[in-house]
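Structural overview for review
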Amino acid sequence: MGFIQEFKDFAMKGNVMDMAVGVIVGGAFGKIVSSLVDDILMPLIGIFTGGVDFSSLAATVGNAKITYGMFVQNVIDFLIIAFCVFVMVKAMNKIVKKRKETPAPAAPSAEEKLLAEIRDLLKRK
């Protein structure tokens, strides 16, 4: 029973649960970005490149056929996805920075606390 209890304690820690949520949300976000790339951006890029289908590009060296088109396609997809993630992180950093810039009320210094205590004592008399 010790092993099962140890696993249960590990699985229920906050960090593990946060990581699980992050992986699930990341997978969903990956699908959204992949759809953006495949269904919206690549057709537009195809218009600008004259309708070139990168996935079918290949070269023959001797008897070997090297299909490098999917590699080119995946590199383009990666660059677009990396750019989308960069823009999203930049926007999130801007939001977090604005929250941090909002000044929190300053805590009274030791001197101010002492003066407040003296004031309160004088009021009581």
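Look above for the structure.
Calculation rules
- Residues numbered from 1 in each chain as written.
- Predicted model: local features only at pLDDT ≥ 70, side-chain atom pairs only at ≥ 80, totals over all residues.
- Heavy atoms only, no water.
- Helix = DSSP H or I, 4+ residues; strand = E, 2+ residues; numbered from the N terminus.
- Rg over C-alpha atoms; globule rule 2.2 N^0.38 Å.
- Buried < 20%, exposed > 50% of the residue type's maximum accessible area, 1.4 Å probe, protein only.
- Contact = heavy atoms within 4.5 Å.
- Areas by Shrake-Rupley, 256 points an atom, 1.4 Å probe, with all protein chains shown as cover.
- Lys, Arg positive; Asp, Glu negative; His and termini not counted.
- Charge placed at Lys NZ, Arg CZ, Asp CG, Glu CD.
- Salt bridge = Lys/Arg side-chain N within 4 Å of Asp/Glu carboxyl O.
- Patch = residues over 30% accessible without salt bridge, like charges linked within 9 Å, V, L, I, M, F, W, Y side chains within 5 Å.
- Core = buried A, V, L, I, M, F, W, Y, C linked by side-chain atoms within 4.5 Å.

1. Looking at the overall build of the protein chain
In terms of regular secondary structure, the protein chain is built from 4 helices and 2 strands. What you see in the protein chain, going N to C, is helices and strands ordered as α-α-β-β-α-α. Relative to the compact-globule value of 14 Å for 125 residues, the protein chain shows a C-alpha radius of gyration of 29 Å, a clear excess of over 25%. In the protein chain, which comprises 125 residues, the proportion classed as buried is 10%. Residue pairs at least 24 apart in sequence account for 40% of intrachain contacts in the protein chain once pairs closer than 6 positions are excluded. On the protein chain, roughly 10,900 Å² of surface is accessible, and the fraction owed to carbon and sulfur atoms is 69%. Within the protein chain, one finds 15 positive and 12 negative side-chain charges whose respective centroids are separated by 8 Å.

2. A look at the pattern of salt bridges
Opposite charge on two side chains permits pairing when their charged atoms draw close. Applying the stated criterion across every chain yields a total of 1 salt bridge. Arg 119 is the salt-bridge partner of Asp 120, the closest N and O atoms lying 3.3 Å from each other. The partly exposed category is assigned to Asp 120, whose relative accessible area is 31%.

3. Topic: a positive patch on the surface
On the surface, Lys 90, Lys 94, Lys 97 and Lys 98 cluster together to form a positively charged patch. Topologically, Lys 94 is positioned in helix α3 (residues 69-101).

4. Comments concerning the nonpolar core
Judged by nonpolar contacts, Val 33, Val 37, Met 42, Phe 54, Ile 76, Ile 80 and Cys 84 together constitute the single largest core of 7 residues. Apart from residues no more than four positions distant in its own chain, Val 33 is found in contact with Ile 81 and Cys 84.

5. Comments concerning the side chain of Gln 73
Looking at the secondary structure, you find Gln 73 in helix α3. When neighbours within four sequence positions are excluded, Gln 73 is seen to be in contact with Met 42, Phe 54 and Ser 55.

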